[in-house]
There are 2 protein chains.
Amino acid sequence: MQNSSIPFLETAQHLAEAAAPLLRHYFRTPIVVEEKSDLTPVTLADRAVEQAMRHIIQQTHPDHGILGEEMGIQQIEADYLWVLDPIDGTKSFITGKPLFGTLIALLYQGQPILGLLEQPILRERWLGGLGIPTTFNQQRIQVRSCTHLSAATLYTTSPHMFNPDEFQKFETVRKQIKLPLYGCDCYAYGLLAMGLVDLVIEAGLAPYDYCALVPIVEQAGGIMTDWQGRPLGLHSQGQVIAAGDRHLHQQVLELLA
Amino acid sequence: MQNSSIPFLETAQHLAEAAAPLLRHYFRTPIVVEEKSDLTPVTLADRAVEQAMRHIIQQTHPDHGILGEEMGIQQIEADYLWVLDPIDGTKSFITGKPLFGTLIALLYQGQPILGLLEQPILRERWLGGLGIPTTFNQQRIQVRSCTHLSAATLYTTSPHMFNPDEFQKFETVRKQIKLPLYGCDCYAYGLLAMGLVDLVIEAGLAPYDYCALVPIVEQAGGIMTDWQGRPLGLHSQGQVIAAGDRHLHQQVLELLA
């Protein structure tokens, strides 16, 4: 098992530095929004950013695999796989809401070992990995303690992201939460890692939506699993819980079971 | 009827400039969150900002009235009434999400004639009023055209802001919308005025939540009314529609009736 992601830190930062100026360039400019086969939106900006990041990986680590939201997979069999979401929160991006992010993950044999979340408009970067305690703009951050749902703050991107069965389970949790809030994609996990939010519960996610967030949350002292409590990896089913406190995580697991 | 808000522009900007550094100071710092009688949160930051703004108004326009979210009303009978929300989106503020705003409105005989929305972390300012076309950071902005719900983007802070009857009506509209999104308080109206969003539908709002937004939306070419299509003022009931396009506004009114 790979126990350090430090050798790949520089590449991850290089990818973020390639993505950020492109996103600042396209943000709030008139841009054609296409619909993908799953009816989610995609823009020229998504594709330009993914292309720039893929180019860097191909130059730096030609033996590594790449899975990107927009341009598919190459060398899936490689031990090291970069999992990229050029714009997590394209709906935020196209409506001018600066809470989208570029997500960059490195997986070793299917498990996330390094994660980076870049918010280019606010010029914010979260970074964490095996051997790398989570930082926010280079400052060490940590989750906060919160042992009861009745005291917890929960973020979810949208109540419409669940299927009917998932929604029923989600509502069981949500009704016990002190402060249920909506609408910030990957950014919510960053706030959780900073100790400003206690829970994020989502579903229907793809590996490029969550892989980068796992090391960020866990190296800040939190826990991030699927709805059955299993570690998240390349082959998870898209149901995600992130919690700052293990007690809270346990309570949520019991309610979602 | 007062037909220009220009004489009061300088005061509004002065208020925003007093609020912004205080909010930057308190943002993401450990801060005690109290619960008000309506169970909404309030912090030292809300009170400090309102106090600073009230002090300026009392010095500059001692004959004007003031209605603030945290410290109540004074001189309600005055022709000119400043309506202040030191932090619209306190839940965003306390979770570290930089989409809250300071809202500053000037009303003349109960009708909003000047509005300012300040987002201090992003250093963004929306400003509009009678005789003052809406600007974003001093650049003229305008709403966009969108004539059908099936092509529209809608923002709403939370699906839990509606009472059961309102929620049923809201859902009738929401299900016809192309892109229904959640979670940004006053910021959504700013995005609408910039032509990035087509609709905002909310309920349960107080005058300090919407008065500043009316001139911003309308002087950018949009329309903002209650759910019956009436102009919004001090005595409206808290049900709000903002639309960039009058055709869309009309369709929403028919569905909410």
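Residues numbered from 1 in each chain as written. Chains lettered and ligands numbered in written order. Predicted model: local features only at pLDDT ≥ 70, side-chain atom pairs only at ≥ 80, totals over all residues. Heavy atoms only, no water.

## Regarding the sheet that holds strand β13 (residues 199-202) of chain A
Residues and elements named next belong to chain A. Which entries qualify depends on this criterion: Pairing between strands requires that DSSP locate at least two bridges from one strand to the other. For helices the rule is a DSSP run of H or I covering at least 4 residues; for strands it is a run of E covering at least 2, with both sets numbered from the N terminus onward. Under this scheme, a helix contributes an axis fitted over its contacting stretch, all axes are lines through C-alpha atoms, and angles between N-to-C directions fall in the 0 to 180 degree range. Residues count as neighbours in contact if any of their non-hydrogen atoms are within 4.5 Å of one another.
On the basis of which strands lie adjacent, the open sheet formed by five strands has the order β12-β11-β13-β15-β14 and mixed pairing. Whereas interior strands pair on both sides, the edge strands pair on one side only; in this sheet they are β12 (179-182) and β14 (223-225). On average, each strand axis in the sheet is inclined to that of its neighbour by 15°, with strand direction left out of account. Running at roughly 155° to strand β15 (residues 240-243), helix α8 (residues 246-256) makes contact with β13, β14 and β15 of the sheet.

## Considering the relation of the copies chain B and chain A
Heads up, the condition is: Here the copies are matched by least squares. The fit uses the C-alpha atoms of residues with pLDDT of at least 70 in both.
Turning chain B through 180° and shifting it by 0.0 Å along the axis lays it on chain A, with an RMSD of 0.0 Å. Taken together, the rotation and translation describe the operation of a two-fold axis. Residues of chain B ranked by C-alpha distance from the rotation axis are headed by Gly 183 of chain B, positioned 2.4 Å from it. Residue by residue, 100% of the interface of chain B is reproduced at the interface of chain A, so both copies engage with the same surface.

## Structural notes on the interface of chain B and chain A
To keep things clear, this is the line we draw: For any pair of parts, buried area is found by adding up, for both, the accessible area (1.4 Å probe) each one loses once the two are put together. The rule for a salt bridge is simple: a side-chain nitrogen of Lys or Arg has to be within 4 Å of a carboxyl oxygen of Asp or Glu. Identification of polar contacts relies on pairs of N or O atoms within 3.5 Å, with a donor-acceptor requirement for protein atoms, meaning one able to donate a hydrogen and the other able to accept it, and with residues adjacent in sequence counted only if both atoms are side-chain atoms. Each residue is assigned to one of three groups, with Ala, Val, Leu, Ile, Met, Phe, Trp, Tyr, Cys and Pro labelled nonpolar, Asp, Glu, Lys and Arg labelled charged, and all others, Gly among them, labelled polar.
Every contact between the two is made by 33 residues of chain B and, on the other side, 33 residues of chain A. Together, the buried faces of chain B and chain A total about 2400 Å²; carbon and sulfur atoms form 64% of this surface. The largest contributions to the chain B side of the interface with chain A come from Arg 28, Thr 95 and Tyr 182 of chain B, which together make up 25% of the buried area. Where chain B touches chain A, the interface holds four salt bridges. Taking the shortest distance from any N to any O, the salt bridge between Glu 35 of chain A and Lys 178 of chain B comes out at 2.5 Å. Taken together, chain B and chain A are joined by 14 residue pairs in polar contact (both at pLDDT 80 or more). Breaking the side of chain B that touches chain A down by element, the ones donating at least two residues are α3 (90-94), β11 (153-156), β12 (179-182) and α5 (187-193) of chain B. Of the residues forming the side of chain B that touches chain A, the biggest block, four residues, is contributed by β12 of chain B. Tallied by class, residues from the side of chain B that touches chain A come to 18 nonpolar, eight polar and seven charged.

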